[in-house]
Amino acid sequence: MNRLERWRVYVLRLEHRPDRDKRVTTHVFLVARAFGAHGAYYSGKRDENVELSIRKVVESWGGTFTVEFVDDWADKIREWKRAGGEVIHLTMYGLPISDIIGEIRASSRDKLIVVGGAKVPRLVYELADWNVSITSQPHSEVGALSVFLHELYMGRELKREFENAKIKIIPQARGKKVIKLS
Ligand code: SAM
């Protein structure tokens, strides 16, 4: 995958519950991959079905996106910061994205974007370098992540090509055209 920027972007999805969150967590990872993140971590309960479905997408559609389960999300956040990265927590209670995205984009630090599921612990707000809202209305981690990445990359992610893809869509005004590359 062509690099869009000098920093790397990972997503941390908090407290996955396989019985309730399977589709939403999968969608968080699909959006992360399609919109330019390099990989994702998740905490909660390990879910090999979600990991497998993302691996299959990467095998067919290309790129190097990875998904990794973490036992302790707070350790992952602290480790990320110790390594020099910054942590951006998406929450409707945070500062409006339009006020701070320029500063986040200008920083050369790798970015860990944290999205919640059920109730988000107070510690996340404290450990984050940035608490960012995509409107101050309740909606979803999938919607919040999409808009954040789109703003971060200023739309450049829309034209990105994925390397080592086995299949690729040739856009059509009507109908579907998919070609095999290997
Ligand atoms: N009740 C949860 C809490 O305590 O924050 C929020 C649940 S919400 C369905 C799941 C996730 O979507 C949140 O943790 C947040 O990451 C994201 N989210 C929802 N609305 C958002 C908004 N307006 N701005 C940024 N992120 C948002």
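Heads up: the structure comes first, above all this text.
Bear in mind that the values here come from a model prediction, so they are computed numbers and not experimental data. (Residues numbered from 1 in each chain as written. Predicted model: local features only at pLDDT ≥ 70, side-chain atom pairs only at ≥ 80, totals over all residues. Heavy atoms only, no water.)

Caption draft 1: Structural detail: the pairing of strand β6 (residues 130-133). Along β6, one buried face is formed by W130 and V132 and the opposite face, lined by N131 and S133, is buried too. Judged from the 5 bridges that link them, strand β4 (residues 86-96) and β6 form a sheet pairing that is parallel. Note that in β6 the partner of L95 across the bridge is V132. (Buried < 20%, exposed > 50% of the residue type's maximum accessible area, 1.4 Å probe, protein only. Helix = DSSP H or I, 4+ residues; strand = E, 2+ residues; numbered from the N terminus. Pairing = 2+ DSSP bridges.)

Caption draft 2: Representation of the packing of helix α4 (residues 97-106) against helix α6 (residues 141-153) within the structure. Running from N to C, α4 and α6 point in directions that differ by 50°, and their axes come no closer than 9 Å. Put simply, α4 runs oblique to α6. Helix-helix and strand crossings are classified by hand; for α4 and α6 the assignment is right-handed. Between α4 and α6, the contacting residues are I97, I101, I104 and R105 on the first element and V147, F148, E151 and L152 on the second. Here the contact of α4 with α6 is composed, by residue class, of 6 nonpolar, no polar and 2 charged. (Axes fitted to C-alpha atoms, helices over the stretch in contact; angles between N-to-C directions. Parallel < 35°, antiparallel > 145°, perpendicular 65-115°, else oblique. Left-handed = near helix turned anticlockwise from the far one by under 90°. Contact = heavy atoms within 4.5 Å. Nonpolar A, V, L, I, M, F, W, Y, C, P; charged D, E, K, R; others polar.)

Caption draft 3: Representation of a nonpolar patch on the surface in the model. On the surface, W61, I169 and V178 cluster together to form a nonpolar patch covering roughly 270 Å² of accessible area. Among the structural elements, W61 can be located in helix α2 (residues 48-61). (Patch = residues over 30% accessible without salt bridge, like charges linked within 9 Å, V, L, I, M, F, W, Y side chains within 5 Å. Areas by Shrake-Rupley, 256 points an atom, 1.4 Å probe, with all protein chains shown as cover. Salt bridge = Lys/Arg side-chain N within 4 Å of Asp/Glu carboxyl O.)

Caption draft 4: Representation of the packing of aromatic side chains in the model. Under the defined criterion, the tally for this structure stands at 5 aromatic pairs. In this structure an aromatic cluster arises from ring pairing among Y10, Y41 and W80. The ring of F162 has R33 lying over it, and the distance from NZ or CZ to the ring centre is 4.4 Å. The residue whose ring lies beneath K76 is Y41, and the NZ or CZ to ring-centre distance is 4.1 Å. (Phe/Tyr/Trp six-rings, centres within 6.5 Å; stacked < 30°, edge-to-face > 60°. Lys NZ or Arg CZ within 6 Å of the ring centre and 35° of its normal.)

Caption draft 5: The site of the ligand, seen in detail. Close to the ligand lie 19 residues; L90, I134, T135, Q137 and E141 are nearest. In this structure, an oxygen atom belonging to the ligand sits 3.3 Å away from a main-chain N or O atom of V120. For the ligand, whose unbound accessible area comes to 570 Å², protein coverage reaches 81%. Of all elements in the fold, only β4, β6 and α6 reach the threshold of two or more residues within the shell around the ligand. When residues of the shell around the ligand are assigned to their parent elements, the largest contribution, 3 residues, is made by β4. Its residues assigned to classes, the shell around the ligand comprises 9 nonpolar, 8 polar and 2 charged. (Near = heavy atom within 4 Å. Polar contact = N/O pair within 3.5 Å; in protein donor to acceptor, adjacent residues only side chain to side chain.)

Caption draft 6: Region of the structure containing the pattern of salt bridges. Considering all chains together, one arrives at 10 salt bridges under this definition. The salt bridge involving D21 is made with R17; its shortest N-O contact spans 2.9 Å. On the basis of relative accessible area, R17 is assigned to the partly exposed category, the value being 25%. The network of salt bridges with shared partners includes E86, R109, K111 and D129.

Caption draft 7: Highlighting α2. For α2, which comprises 14 residues, the first-to-last C-alpha distance of 20 Å matches the rise-based estimate of 20 Å (1.5 Å per residue) to within 8%. For α2, the complete set of buried residues consists of V50, E51, I54 and V58. The buried residues of α2 occupy an angular sector of 100° when the element is viewed end-on, so they sit on one face. In α2, those exposed residues whose orientation departs by more than 90 degrees from the buried face are E48 and K56. Packed against the buried residues of α2 are β1 (9-16), α1 (18-34), β2 (39-44) and β3 (66-69). (Expected span 1.5 Å × (residues − 1). Arc of directions from axis to C-beta.)

Caption draft 8: The side chain of R160, seen in detail. By the secondary structure assignment, R160 is in the loop between α6 and β7 (167-169). At a separation of 3.1 Å, a polar atom in the side chain of R160 contacts the main-chain carbonyl oxygen of G36.

Caption draft 9: Representation of the pairing of β3. Sheet analysis places β2 next to β3, joined by 4 bridges and oriented parallel. Looking at the pairing, G39 lines up with T66 of β3. Crossover handedness for the path β2 to α2 to β3: right-handed. (Right-handed = clockwise from strand over helix to strand, strands pointing away.)

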